[in-house]
Every structure is written in structure tokens, then in C-alpha cells.
Amino acid sequence: MSEFLEAATGFPTLVFTSALVVVLGFWLLVLFGGAEADGLDPDADRDVAGLCGVPVTVAASMAVVVAWFTTLAGSVLIARAGLTGLAHTATGLVLLLVSVPTGWGAARVLVRPLAKLFPDGPGPSRHDFIGSLCTIRTGRVDEGFGQAEVTAGDGAVALVQVRQNPRAREGALTAGSRALLYAYDDAGEFFWVAPYAASLDPGRPRRGHD
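The sections below set out a description of the structure shown in this document. Quantities reported herein were computed from a predicted structural model and do not represent experimental measurements.

Attention now goes to the packing of helix α3 (residues 56-81) against helix α4 (residues 85-110). At their nearest, the axes of α3 and α4 sit 7 Å apart, and the two run at 145 degrees to each other. For the crossing formed where α3 meets α4, the hand is right-handed. Contact with α3, carried on its side by Ala59, Ala60, Met62, Ala63, Val66, Ala67, Thr70, Thr71, Gly74, Ser75 and Ile78, involves His88, Thr91, Gly92, Leu95, Ser99, Thr102, Gly103, Trp104, Ala106, Ala107 and Leu110 of α4 and no other residues of that element. Among the residues making up the contact of α3 with α4, the classes are represented as 12 nonpolar, 10 polar and no charged.

Right, dumping it as C-alpha cells:
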């Protein structure tokens, strides 16, 4: 146990022991909601850095852990070899320089299985549905009630809350009706909809006149 403590608090392991304490503190903040896992640099180009799409904080944490373990094991071997003085310092410095690329290289390999847990970009926003067509799924739609089914750009189907303005003097919307989502109410968390007529679609092909 004393050999472990001496190695962990001696050069060069102490450099990464301090970094490891910072990493543990950061993830405790994430655990209790005081920070975000991607909060340090969410706009970093992860693929260029070789991070396979995971947050920099995840890869950096893994790199610190691997580098700490590398220097710890190396420090124990140096101590057992009986090196002292300049030889001990020089060997420790080489170990420190080697542990940095070793930790980063190991982190790049270890994060690959985690890439699927971190999407490349933000998910679709409700405002992205504005201008989309939907299908009414409730028996009626009025200013206080209604649901509709809408398809997102990625093909996913969502069930959203919809309302119809009674002062617009539009046709009644019932189950199966096609409607247009033309606005979103952030406070009420619903879309305003209006009946959609395929004949009014400017992109609809027209028949020629005889």
C-alpha cells in the first residue's frame, strides 16, 4: 500500500493524479446536474480530433485515466529498479512524455464503442415542423383540443398537440383530415393548424386544357 501511495504522489504520476482529481470532480458535477458532459467545447470538430463523435470531455477523461495508470505502473517499476538521483529523474521525465500520447491513443480506441451514445447534432426542434403537413388523429380540433401525426425529416413519426383558431372561419378538422402546421405556441406547447387542400398546393402538377 505504501508503495502505491509513494508512486501516486511522486513524480511523474503526481501530474496525472492531480488531473485525475479534476476529472473526478467534473463528473461528480455532471452526475448532480452542475455541468454538462459536452459543456467544455460542444462545437469542437470531434472527427478531426479522432474522437469518433464523442464529447471532448469523455475522451480527455479516458486519456487522463490511462496516462495516470501508465505513469503509476512505470513509477513502481522505476522504484523497484532502484534508480535514484539523475537517472530516476530522467527516467521519470521520459515516462511522463510517453504517457501523454499513450493515454490519448488509448482514449481514441476506447471511445469508439461509445460513439453511438452521442448524436452528431441536436435532435429536431418542434419549430422545424412549422410548414409541414400533418394528419389529424382526434375526432375534432378546436382552440383547446386536438392531436395530429407529423413526419420529421428523418422519417420519424411524432404525435403533436394542435389547435385551430375558431375565428379563422376555416373548415372543421376531423380524424384523418390533412392540415398544415403554420405556427407554434411556445407557452401552450401546441401547433396552430389550418385545413390543407391539395388543389391549392403550388407544387401540385396541373392538368392541361384541351
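So, about the sheet that holds strand β1 (residues 133-136). Overall, mixed pairing links the 5 strands, which are arranged β1-β2-β3-β5-β4 in a closed barrel. Ignoring which end each strand starts from, the neighbouring axes of this sheet average 55 degrees apart. Relative to strand β3 (residues 157-163), strand β2 (residues 147-151) runs antiparallel, the two being bridged by 5 bridges. Across the sheet, Thr151 pairs through a bridge with Val157, a residue of β3.

What counts as what
- Counting of residues starts from 1 at the beginning of each chain's written sequence and follows it residue by residue.
- Owing to the predicted nature of the model, reporting of local features is limited to residues with pLDDT of at least 70; listing and counting of side-chain atom pairs is limited to 80 or more, with chain, interface and lining totals taken over all residues.
- Note that water and hydrogens are dropped before the side-chain values are worked out from all heavy atoms of the structure.
- Here an angle of 0 to 180 degrees is reported between the N-to-C directions of two axes, which are lines fitted to C-alpha atoms, with helices fitted over the stretch in contact.
- Here a strand is any run of E in DSSP of at least two residues, a helix any run of H or I of at least four, and the numbering for each starts at the N terminus.
- By the definition used in this description, the sense in which the near helix is turned from the far one sets the handedness, with an anticlockwise turn below a right angle giving left-handed and a clockwise turn giving right-handed.
- Any two residues whose heavy atoms approach within 4.5 Å at even a single point are treated as in contact.
- In this classification, Asp, Glu, Lys and Arg are treated as charged, Ala, Val, Leu, Ile, Met, Phe, Trp, Tyr, Cys and Pro as nonpolar, and every other residue, Gly included, as polar.
- Here, a strand pair is defined by DSSP locating no fewer than two bridges between the strands.

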